[in-house]
Amino acid sequence: MTETTKIYFAGAIRGGREDKALCGALIRHLQEYGDVLTEHVGDAGLAAAGERDAPDAEIFSRDLHWLCTADVLVAEVSTPSHGVGYEIAQAESRRMPILCLYRELPGRHISAMLAGNPKLILRKYCNLDDARTQVDEFFSSLRGSEPGPS
Ligand code: 6IA
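These remarks concern the structure in this document.

Thresholds applied
- All chains use their own residue numbering, which begins from 1 and follows the written sequence.
- With the structure being a predicted model, the display of local features is reserved for residues of pLDDT at least 70 and the display and counting of side-chain atom pairs for 80 or more, all residues being used for whole-chain, interface and lining totals.
- The side-chain figures draw on all heavy atoms in the structure; neither hydrogens nor water molecules are used.
- Numbered from the N terminus, helices here are DSSP runs of H or I no shorter than four residues, and strands are runs of E no shorter than two.
- Values of the radius of gyration come from C-alpha atoms, whereas the globule rule sets the reference at 2.2 Å times the count of residues to the power 0.38.
- Burial classes: relative accessible area under 20% of the type maximum marks a residue as buried, over 50% as exposed, and values in between as partly exposed (1.4 Å probe, protein chains only).
- What makes two residues a contact is simply this: any of their non-hydrogen atoms within 4.5 Å.
- For every accessible area listed, the method is Shrake-Rupley and the probe measures 1.4 Å; residues are considered covered only by the protein chains on display.
- Two residue types count as positive, namely Lys and Arg, and two as negative, namely Asp and Glu; His and chain ends fall outside the count.
- Taken as the charge centre is NZ of Lys, CZ of Arg, CG of Asp or CD of Glu, depending on the residue.
- Nonpolar core, defined: a set of buried Ala, Val, Leu, Ile, Met, Phe, Trp, Tyr and Cys residues in which side-chain atoms within 4.5 Å join the residues together.
- We define a salt bridge as a side-chain nitrogen of Lys or Arg found within 4 Å of a carboxyl oxygen belonging to Asp or Glu.
- Grid points spaced at 1 Å over the protein atoms alone were grouped into cavities, where a 1.4 Å probe fits but cannot get out, and pockets, open sets with protein on both sides within 12 Å along at least five of seven lines, with lining residues defined by an atom within 4 Å of a point.
- Grid points are joined across faces, edges and corners, and a volume is the space filled by probe spheres set on the points.
- Three classes are used, and their members are as follows: Ala, Val, Leu, Ile, Met, Phe, Trp, Tyr, Cys and Pro are nonpolar, Asp, Glu, Lys and Arg are charged, and the others, Gly among them, are polar.
- Working definition: a disulfide is two cysteine sulfur atoms within 2.5 Å of each other.

### Points about the overall build of the protein chain
Here comes step 1: Helix and strand counts for the protein chain stand at five helices and five strands.
Here comes step 2: In terms of C-alpha radius of gyration, the protein chain reaches 15 Å, essentially the compact-globule figure of 15 Å for 150 residues.
Here comes step 3: If you line up the protein chain on its principal axes, its C-alpha atoms span 55 × 35 × 25 Å.
Here comes step 4: When each of the 150 residues of the protein chain is scored for burial, the buried share is 40%.
Here comes step 5: For the protein chain, contacts bridging at least 24 residues in sequence account for 70% of all contacts bridging at least 6.
Here comes step 6: Entry remark: accessible area of the protein chain is about 8,500 Å², with carbon and sulfur atoms responsible for 53%.
Here comes step 7: For the protein chain, the separation between the mean place of its 16 positive charges and that of its 22 negative charges on side chains is 4 Å.

So this is what it looks like as structure tokens:
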């Protein structure tokens, strides 16, 4: 992984925008590790409903294209989202490293399709600092798994 690593950040949009500020802060941290293709997910101006920046079909094909060109996927999964679940499944089928971050919230449980999936790295966090630490550990584990110079 280098500073040109392409990172696809996934976070709920129509699923709910409660965590948009947190997603924005996570994206800024991820930018220390590479190019975040989906900066808009942390955009405070992007609401769960309201005006659309593009037709759904355009959003779908643009995002899927970005996902295909990404090296890793990092997802914030505290808020259930159809789109984020779909993106995680796509990333898994492309054998991309995947980090899913979540907070424990009252009355909410992470889907068994994530919690039971050994292909994902699923990490709980309590606050932004903790989430940043999880991101740091994820990228250092990726560096550790790269083949060294021969
Ligand atoms: O089902 P969701 O909407 O919660 O899915 C969120 C995920 O789908 C994010 O990780 C994004 O990558 C992708 N996504 C969903 N909607 C959009 C979007 N505009 N622009 C870019 N990516 C999107 C929607 C605008 C509209 C809600 C006003």
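### Brief notes about the nonpolar core
Here comes step 1: Judged by nonpolar contacts, the single largest core of 19 residues is most densely connected at I7, F9, L30, V74, V135 and F139.
Here comes step 2: The element that contributes the greatest number of residues to this core is helix α5 (residues 128–145), accounting for five residues.
Here comes step 3: Sequence-distant contacts of F139, defined by excluding residues within four places in its chain, comprise I7, L30, Y33 and V72.
Here comes step 4: Ranked by size, the runner-up nonpolar core spans 18 residues in total, among them Y8, A75, I98 and L114.

### A look at the pattern of salt bridges
Here comes step 1: Enumeration according to the criterion identifies five salt bridges in this entry.
Here comes step 2: The partner of R103 in a salt bridge is D19, with the nearest N and O atoms 2.5 Å apart. Note that R103 is positioned in the loop between β4 (98–102) and α4 (112–115) and D19 in the loop between β1 (6–11) and α1 (20–30), a separation of 84 residues in sequence. The same class applies to R103 as to D19, namely buried.
Here comes step 3: Between R62 and D63 there is a salt bridge, with the nearest N and O atoms lying 3.5 Å from each other.

### Some remarks on empty space enclosed by the protein
Here comes step 1: For the structure on display, the rule yields one cavity of 30 Å³ or more.
Here comes step 2: Size it by volume and the largest cavity reaches roughly 50 Å³.
Here comes step 3: Residue lining of the largest cavity: G11, A12, G16, R17, D19, K20, C23, E76 and T79, and that is the complete set.
Here comes step 4: Classifying every residue of the lining of the largest cavity gives two nonpolar, three polar and four charged.

### Looking at the state of the cysteines
Here comes step 1: This model, assessed by the stated rule, comprises zero disulfides.
Here comes step 2: The structure places no disulfide on C68, whose sulfur is separated from the nearest cysteine sulfur, that of C100, by 18 Å.
Here comes step 3: Under the relative-accessibility criterion, C68 is labelled partly exposed at 41%.
Here comes step 4: Free cysteine: C126, not disulfide-bonded; nearest cysteine sulfur from C23 at 17 Å.
Here comes step 5: The exposed category is assigned to C126, whose relative accessible area is 65%.

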